[in-house]
Amino acid sequence: MLFRRIFIRIGESEIFEGFVLVCIICSCVFLFTLAPYDDIPNYPYLISPSISRITDLIFNIIFSVESFIRIMNVGFIFSEGAYLRSPWNVLDFVVLCVSWLQNLVKFQSLSNAKILRLVRALRPLRVMKQNRGMRNTINALVLSLVPLCYIFFFLGFIISAFGIVAMGLFGGKFFSC
């Protein structure tokens, strides 16, 4: 119980939230400076591949500790309000696991490495988790997609109905296009 209280106190502190936000922003900056692949000859690197691997490992460790603190704070899966019950935390956890997978495993196929780099490109979305206003905006956009689908189906129905009527009225009446 004492350890859990310590994790709760750390997880709810403003200093911890600020530190995580700064680490996310720094991680995004380093992610933008990475070369597309590590084995391109004569590629003008902004940061050498060895330094980028070290910084990526450091950020993975920091984000793993942050996830561990949050998991110890609210639980992993089964408790009410658990870590993996939030879609934003699931996104964070998947990005973290894929990042560790890319660091620990050397891939034979270049296409597999490309896919993992694409998933790691979702790291900037972690900033939205920290900002409640952005999170509410994204949730509202996602929730508005279902009514938009109904509107597009209705619009498609109207266009096809008018197209059928126009073909019946004007089909073969024009002598040239």
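Predicted, not measured: the structure shown is a model, and the values here were computed from it.

Q: Run through the pattern of salt bridges, naming residues and quoting values.
A: Tallied over the full model, the rule gives two salt bridges. Linked by salt bridges that have partners in common, E17, E66 and R70 make up one network.

Q: I'd like a description of the state of the cysteines, backed by residues and values.
A: Scanning the entire structure with this criterion turns up zero disulfides. Note on C28: no disulfide assigned, nearest cysteine sulfur contributed by C26 at a separation of 9.2 Å.

Q: Tell me what's going on with the packing of aromatic side chains, and back it up with residues and numbers.
A: If you walk through the whole model with that rule in mind, you get five aromatic pairs. Between F76 and F93 the ring centres are 5.6 Å apart and the planes differ by 70 degrees, which places this aromatic pair in the edge-to-face class. Here the residue F76 occupies a position in the loop between α3 (49-74) and α4 (87-104), and F93 occupies one in helix α4, the gap between them amounting to 17 residues. Residue classification places F76 among the partly exposed positions, given a relative accessible area of 33%.

Q: Give me empty space enclosed by the protein: which residues, what numbers.
A: For the structure shown, the criterion picks out two cavities of 30 Å³ or more. The space that makes up the largest cavity amounts to roughly 50 Å³. Around the largest cavity sit S27, F30, L31, L34, S52, T55, D56, F59, R120 and R123, which together line it. Only α2 (14-32) and α3 provide two or more residues apiece to the lining of the largest cavity. The class makeup of the residues in the lining of the largest cavity is four nonpolar, three polar and three charged.

Q: Can you lay out the UniProt feature "transmembrane region" (unreviewed entry) in the chain for me, pointing to particular residues and giving the numbers?
A: In the UniProt entry, the feature "transmembrane region" (unreviewed entry) is given for residues 15-37, 57-78 and 138-171. Secondary structure within residues 57-78 divides into 82% helix and 0% strand; the distance between the first and last C-alpha atoms comes to 30 Å. As a span, residues 138-171 carries 94% helix and 0% strand, and end to end its C-alpha atoms are 46 Å apart.

Q: Break down the nonpolar core for me, citing the residues and quoting the values.
A: If you look at the biggest cluster of nonpolar residues, it comprises 10 residues: F7, F16, V20, C23, I24, C28, F59, F63, I69 and L96. Setting aside chain neighbours within four positions, we find F16 in contact with I10, G11, E66, I69 and R70.

Q: How would you explain a nonpolar patch on the surface if you had to name every residue and give the values?
A: A contiguous nonpolar patch, built from V142, L145, L148, I151, F152, L155 and I159 and spanning about 690 Å² of accessible area, is present on the exposed surface. Here the element with the most residues in the nonpolar patch is helix α8 (residues 145-170); it accounts for six residues.

Q: Please give an account of the layout of surface pockets that cites residues and values.
A: Estimated volume of the second largest pocket: approximately 160 Å³. Around the second largest pocket, the lining residues are E17, R70, S86, W88, N89, K129, Q130, R132 and R135. Of all elements in the fold, only α4, α6 (126-130) and α7 (132-143) reach the threshold of two or more residues within the lining of the second largest pocket.

Q: Would you mind going over the packing of helix α1 (residues 2-11) against α3 in detail, with residue names and values included?
A: Relative to each other, α1 and α3 sit at 120 degrees, their axes nearing to 8 Å. It follows that α1 is oblique to α3 by the angle criterion. The two elements α1 and α3 cross, and the hand of that crossing is left-handed. Residues R4, F7, I8, I10 and G11 of α1 lie in contact with α3, whose contacting residues are F68, I69, R70, M72, N73 and V74. A per-class count over the contact of α1 with α3 returns seven nonpolar, two polar and two charged.

Q: Break down the packing of α7 against α8 for me, citing the residues and quoting the values.
A: Each pair of packed helices can be described by the angle between their axes along with the distance between the axes. At a minimum axis separation of 4 Å, α7 and α8 run at an interaxial angle of 30 degrees. Relative to α8, α7 is oriented roughly parallel. Residue-level inspection shows L141, V142 and L143 of α7 in contact with α8, the latter providing L145, V146 and P147. When its residues are assigned to classes, the contact of α7 with α8 shows six nonpolar, no polar and no charged.

The rules behind each value
- Residues numbered from 1 in each chain as written.
- Predicted model: local features only at pLDDT ≥ 70, side-chain atom pairs only at ≥ 80, totals over all residues.
- Heavy atoms only, no water.
- Salt bridge = Lys/Arg side-chain N within 4 Å of Asp/Glu carboxyl O.
- Disulfide = S-S within 2.5 Å.
- Phe/Tyr/Trp six-rings, centres within 6.5 Å; stacked < 30°, edge-to-face > 60°.
- Helix = DSSP H or I, 4+ residues; strand = E, 2+ residues; numbered from the N terminus.
- Buried < 20%, exposed > 50% of the residue type's maximum accessible area, 1.4 Å probe, protein only.
- 1 Å grid on protein atoms, 1.4 Å probe; cavity = no way out; pocket = protein on both sides within 12 Å on 5 of 7 lines; lining within 4 Å.
- Points joined across faces, edges and corners; volume = space filled by probe spheres on them.
- Nonpolar A, V, L, I, M, F, W, Y, C, P; charged D, E, K, R; others polar.
- UniProt positions renumbered as here; feature names shortened; annotations may be inferred.
- Core = buried A, V, L, I, M, F, W, Y, C linked by side-chain atoms within 4.5 Å.
- Contact = heavy atoms within 4.5 Å.
- Patch = residues over 30% accessible without salt bridge, like charges linked within 9 Å, V, L, I, M, F, W, Y side chains within 5 Å.
- Areas by Shrake-Rupley, 256 points an atom, 1.4 Å probe, with all protein chains shown as cover.
- Axes fitted to C-alpha atoms, helices over the stretch in contact; angles between N-to-C directions.
- Parallel < 35°, antiparallel > 145°, perpendicular 65-115°, else oblique.
- Left-handed = near helix turned anticlockwise from the far one by under 90°.

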